[in-house]
Amino acid sequence: MRYPQGGGLTAERQAFRERVRMEAVGMFADGRGSTEIAKELRVSVRSVQRWRRAWREAGQDAVRSRGPASRPKLNKMLFAVLEEELAKGPVAHGWPDQRWTLARIKTLIGRRFHKPMTLSGISQMLRRHGWSHQVPARRAVERDEAAVAGWVKDVWPHVEPPRRRSRPGSCSKTKPGFR
């Protein structure tokens, strides 16, 4: 399940969901049906059935949240160390320019913490901690507009494949050339 925050729930949403589950437990004790409970609490019938089964087997504590499904690869202390390393810049870690890419961060995490992570996992972790991708506010001072314009005019047309011209279509699915 994906959440708009990039993973996990806020503390308020966690508390709200816990309250909903506990309300459902109270309704189970009253003998109410799953469909009725689902409508009133605005959840799926399947969730109510799953909660009811857990409640029957192990009581109210079985319905309570057990926390996140997995622990993060980098805990708060390790993430603070990662932030310090990122603040040093890519050049300090051996890259030729000042751009942090997800692949470079992955390499840094592997070197520093010996933990494998996917690029999407790194992206989500960074967003959860308030990091975002960066876009330059202005063009580089070194940029040569004449060279860029010349490249776009002379080189790009040879690199880009020519566009297909539109031609009359066919009304037949089996004989494309037939009209």
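Everything that follows concerns the structure shown earlier in this document.
Residues numbered from 1 in each chain as written. Predicted model: local features only at pLDDT ≥ 70, side-chain atom pairs only at ≥ 80, totals over all residues. Heavy atoms only, no water.

Enquirer: How should I be thinking about unusual backbone geometry in this particular structure?
Expert: The residue Arg42 is not glycine, and still its phi comes out positive at about 60°. Along the chain, Arg42 turns up in the loop between α2 (34–41) and α3 (45–58). Positive phi is not limited to glycine here, since His114 has a value of about 55°. Topologically, His114 is positioned in the loop between α5 (102–113) and α6 (119–128). (Helix = DSSP H or I, 4+ residues; strand = E, 2+ residues; numbered from the N terminus.)

Enquirer: Help me out: how do you make sense of the environment of His133 in this one?
Expert: Within the element layout of this structure, His133 appears in the loop between α6 and α7 (145–154). A relative accessible area of 69% means that His133 is categorised as exposed. Distance from His133 to Leu102, taken between C-alpha atoms, is 9.7 Å for residues 31 residues apart in sequence. (Buried < 20%, exposed > 50% of the residue type's maximum accessible area, 1.4 Å probe, protein only.)

Enquirer: How should I be thinking about the pattern of salt bridges in this particular structure?
Expert: Side chains that carry opposite charge are capable of pairing whenever their charged atoms lie near each other. Following the criterion strictly, the structure yields ten salt bridges and no others. In this structure, the salt-bridge partner of Glu40 is Arg32, at a minimum N-O distance of 2.3 Å. Residue Glu40 is classed as partly exposed on the basis of its relative accessible area of 45%. Across the salt bridge formed by Arg104 and Asp97, the nearest N and O atoms sit 2.5 Å from each other. Residue classification places Asp97 among the partly exposed residues on the basis of a relative accessible area of 24%. Overlapping salt bridges, with partners in common, bring together Glu18, Arg21, Asp61 and Arg64 in one network. (Salt bridge = Lys/Arg side-chain N within 4 Å of Asp/Glu carboxyl O.)

Enquirer: What is the right way to read helix α4 (residues 76–88) from this model?
Expert: The first and last C-alpha atoms of α4 sit 19 Å apart over 13 residues, in line with the 18 Å expected at 1.5 Å per residue. Among all positions of α4, only Phe79, Leu82, Glu85 and Leu86 are buried. Angularly, the buried residues of α4 cover 115° about the axis, an arc narrow enough to put them on a single face. Seen from the buried face of α4, the exposed residues on the opposite side, beyond 90 degrees, are Lys76, Met77, Glu84, Ala87 and Lys88. Along its buried surface, α4 packs onto α5 and α6. In this structure Asn75 caps α4, since a side-chain oxygen of it lies 3.2 Å from the backbone nitrogen of Met77. Backbone geometry just after α4 places Gly89 at a positive phi near 100°. (Expected span 1.5 Å × (residues − 1). Arc of directions from axis to C-beta. Contact = heavy atoms within 4.5 Å. Polar contact = N/O pair within 3.5 Å; in protein donor to acceptor, adjacent residues only side chain to side chain.)

Read these as layout, nothing more, since geometry by itself doesn't imply function.
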